[in-house]
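# Observations on chain architecture
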Amino acid sequence: MATFNRRDFFKMVGVSGAAGLTACDIQTPVEQVLPYVVQPTQILPGVPTFFATIWGDGTFPYGAVLRNREGRVVFVGGNPESPVGQGGMDSLGVAGPQDIYDPDRFEGPQGVADWAEADSRLASALQGAAWLGRYRTGALGRLIGDFTTATGGRRVHWEPYGYESLARATEAVFGRDGVLPRYILDDAQVIVSFGADWLKTWGPSVDHAAGWARARDASSGHVAEFYAIEPRVSHTGTKCDVYWQTKPGAEAWVALALARLVADKKGVSVPWLPEASKAADLGGIELAKLETLATKLAEKPSVVFPGGVANQGANSTHLAAATLILNFVCGNIGQTVKLDHNLGQVDGFAAVKALLADCAAGKVKTLFIDALDPVFTLPSELDAAGALAKVENLVLFTNTPDETTAVPGAIVLPPGTCWESWGDAEIVRGKHGLQQPGMLPHHDTRSVGDTLLALAKAGSLSLPVEPREEEEAPVEGEEVPVPVVVTVGGKAAVASFEAVDFYRYVAGHWTDIAAANGNDAAHGWSFT
């Protein structure tokens with residue numbers, strides 16, 4: 001009989017136990033790891049490839065760098081050469097790979113068999129089609145505008161935690177439409193906030209955090225002093241040097257009182273500003289305290305932030321306007337506060353409410369919803385689910401299930417993530433960022449831009465022709481300029497419905513921007 005010792009016994013138990021545990025694993029899919037038959041030139045196993053892009057899924061698109069390993073994006077970081085973010089990236093952007101590999105993602109169109117059926121079904125239902133989506137700029141914002149113009153429908157750009165109040169105030173005070181103030185903290189010696197959580201979730205918080213760090217760095221020659229004037233302590237308010245609690249809803253009076261005091265100290269006559277003592281009393285802050293702060297605001301560079309999400313209400317636009325007036329009186333406009341942060345079209349809650357009312361009345365036959373979940377985010381008294389259920393063709397651009405995708409009859413067209421598609425954004429007026437994919441689409445998705453172009457072709461959409469003024473005949477011998485058509489991969493790059501795909505639409509959009517700035521057609525773009 002063969003000897004069966006203790007060592008052999010443990011070997012047998014270990015092997016059989018491991019085999020048994022492996023056989024019981026129902027979670028880990030079995031994948032065969034095979035070498036490339038023909039190795040792609042851009043992929044070297046074990047060596048990452050980096051792609052510079054922008055985080056196009058956020059309200060404030062930060063410059064980003066994607067790390068790609070073996071054809072998959074595995075990490076998202078900030079781009080230090082970007083004017084927005086300055087090398088930083090917020091938590092939502094860093095979590096980008098989780099959006100790509102989310103197991104709950106739709107793997108293809110829902111409510112229709114495939115993309116071809118979606119195009120054919122919607123092609124005859126585009127007349128009067130309405131649009132409800134988040135803020136969009138750049139080529140996609142332009143395409144959405146052209147698409148709704150061609151269909152004859154309305155478009156509403158709104159976000160649940162949006163910047164409607166500040167955008168309306170900026171337009172009312174300075175006549176600037178579709179922009180927000182850009183707050184630059186680097187050289188500010190006094191910072192005043194009326195409730196905006198600017199270090200956490202309000203505005204481009206990564207830029208604010210970087211500027212805050214520099215403003216508080218003693219090696220710069222000064223340390224900024226931070227005053228939080230708000231009815232409740234915000235996350236950012238916990239970092240303040242001085243905290244004053246105001247009456248809820250009365251913050252605008254405090255800002256106007258400060259504006260009047262600063263104007264008086266500078267010797268500027270602003271008769272339409274309220275009397276400081278009365279405004280201070282309405283705001284619930286002692287006048288002596290405000291006089292101390294006003295002296296500093298009159299003498300030092302400063303930044304004044306408006307209210308945030310917690311301050312939204314009947315007086316939120318008044319508060320935003322009051323803080324802009326205070327910034328103006330302090331001399332901050334164009335220095336520490338610049339009016340160039342681009343959001344594109346910004347609509348208010350009233351526009352959303354009116355659109356839902358028309359949906360409930362059966363006046364909207366086709367509605368496109370872009371990256372929003374109105375059933376979840378809107379007040380229950382609006383009954384968004386009931387209103388949307390009466391829309392014959394409810395088209396949702398989203399990647400994951402939510403309360404709105406549960407509306408009966410909804411057609412879901414997953415656009416993929418910004419890490420898998422082409423796009424761009426005009427982050428700051430005059431500064432454009434390019435969004436390039438860091439990998440091939442993970443599922444059967446199609447970007448919003450490509451879907452709109454496909455529907456425009458299927459529905460034979462065209463923009464109305466604007467009447468042109470008669471041009472003088474060219475002088476004999478004078479050269480007539482010939483429009484330059486740039487091609488990408490042998491196909492025309494044009495920002496029109498004739499574009500083959502959204503990549504070439506973006507290229508055409510950038511060509512138009514270059515031409516508008518007096519540059520040649522291919523300026524700033526490598527066409528291959």
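Keep in mind the model is a prediction, meaning the values are calculated, not measured.

## Description of helix 12 (residues 349-360)
When the terminal C-alpha atoms of helix 12 are compared, their 17 Å separation across twelve residues agrees well with the 16 Å that a helix rising 1.5 Å per residue should span. Within helix 12 the residues assigned to the buried category are Val 352, Leu 355, Leu 356, Asp 358 and Cys 359. Considered in projection along helix 12, the buried side chains sweep an arc of 160° and stay on one side of the axis. Looking at the buried residues of helix 12, the elements they touch are strand 4 (130-133), strand 5 (155-157), strand 12 (366-370) and helix 14 (384-389). Where helix 12 terminates, the next one or two residues include Gly 362, which has phi positive at roughly 80°.

## Quick notes on the environment of Phe 502
Here Phe 502 shows up in helix 16 (residues 502-516). On a C-alpha basis, the gap between Phe 502 and Val 448 in space is 8.7 Å, while along the polypeptide they are 54 residues apart. When near neighbours in sequence (up to four residues on either side) are disregarded, Phe 502 contacts Ala 139, Leu 140, Leu 143, Trp 422, Gly 423, Ser 447, Gly 449, Asp 450 and Leu 453.

## Observations concerning the pattern of salt bridges
A full pass over the atoms with the stated rule returns 15 salt bridges. Residues Asp 512 and Arg 142 are paired through a salt bridge, measuring 3.0 Å at the closest nitrogen-oxygen approach. A residue pair is termed long-range when its members are at least 10 positions apart, and Asp 512 in helix 16 and Arg 142 in helix 5 (residues 138-151) qualify at 370 residues.

## A closer look at the sheet that holds strand 3 (residues 72-78)
Spatial strand order, 1-2-3: three strands in an open sheet with antiparallel pairing. The sheet terminates laterally at strand 1 (49-54) and strand 3, the two strands that pair on one side only. On average, each strand axis in the sheet is inclined to that of its neighbour by 30°, with strand direction left out of account. Two strands pair when backbone bridges link them, and strand 2 (residues 63-69) and strand 3 are joined in this way by six bridges, in the antiparallel orientation.

## Re the sheet that holds strand 7 (residues 190-193)
Pairing is parallel across the open sheet formed by four strands, whose spatial order is 9-8-7-10. The open sheet is flanked by strand 9 (242-245) and strand 10 (302-305), the only strands paired with a single partner. Pairs of neighbouring strands in the sheet enclose a mean axial angle of 10°, with direction left out of account. As judged from the four bridges shared by strand 8 (residues 225-230) and strand 9, these two strands associate in the parallel manner. The residue of strand 9 that forms the bridge with Ala 228 is Tyr 243. The strands that helix 10 (residues 287-299) touches are strand 7, strand 8, strand 9 and strand 10; relative to strand 7, the one it contacts most, it runs at about 130°.

## Considering the side chain of His 208
Assignment of secondary structure puts His 208 in helix 7 (residues 205-215). A polar contact of 3.0 Å, which involves the side chain of His 208, links it to the backbone oxygen of Trp 198. Discounting residues that sit within four places of it in the chain, His 208 has contacts with Tyr 183, Leu 185, Trp 198, Leu 199, Trp 202, Gly 203 and Phe 305.

## A look at the nonpolar core
Core analysis: the largest hydrophobic core is formed by 33 residues, its most contacted members being Val 192, Phe 194, Leu 258, Leu 290, Leu 293, Leu 297 and Leu 326. Of all the secondary structure elements, the ones that give two or more residues to this core are strand 7, strand 8, helix 8 (251-266), helix 9 (276-283), helix 10 and helix 11 (316-330). Counting residues per element, this core draws most heavily on helix 8, at ten residues. Setting aside residues up to four positions removed in sequence, Leu 293 forms contacts with Val 190, Val 192, Tyr 227, Ile 229, Trp 244 and Leu 258. Listed in part, the 32 residues of the second largest apolar core include Ala 118, Leu 140, Phe 497 and Val 506.

What counts as what
Residues numbered from 1 in each chain as written. Predicted model: local features only at pLDDT ≥ 70, side-chain atom pairs only at ≥ 80, totals over all residues. Heavy atoms only, no water. Helix = DSSP H or I, 4+ residues; strand = E, 2+ residues; numbered from the N terminus. Expected span 1.5 Å × (residues − 1). Buried < 20%, exposed > 50% of the residue type's maximum accessible area, 1.4 Å probe, protein only. Arc of directions from axis to C-beta. Contact = heavy atoms within 4.5 Å. Salt bridge = Lys/Arg side-chain N within 4 Å of Asp/Glu carboxyl O. Pairing = 2+ DSSP bridges. Axes fitted to C-alpha atoms, helices over the stretch in contact; angles between N-to-C directions. Polar contact = N/O pair within 3.5 Å; in protein donor to acceptor, adjacent residues only side chain to side chain. Core = buried A, V, L, I, M, F, W, Y, C linked by side-chain atoms within 4.5 Å.

Distances and angles like these do not, on their own, reveal function.
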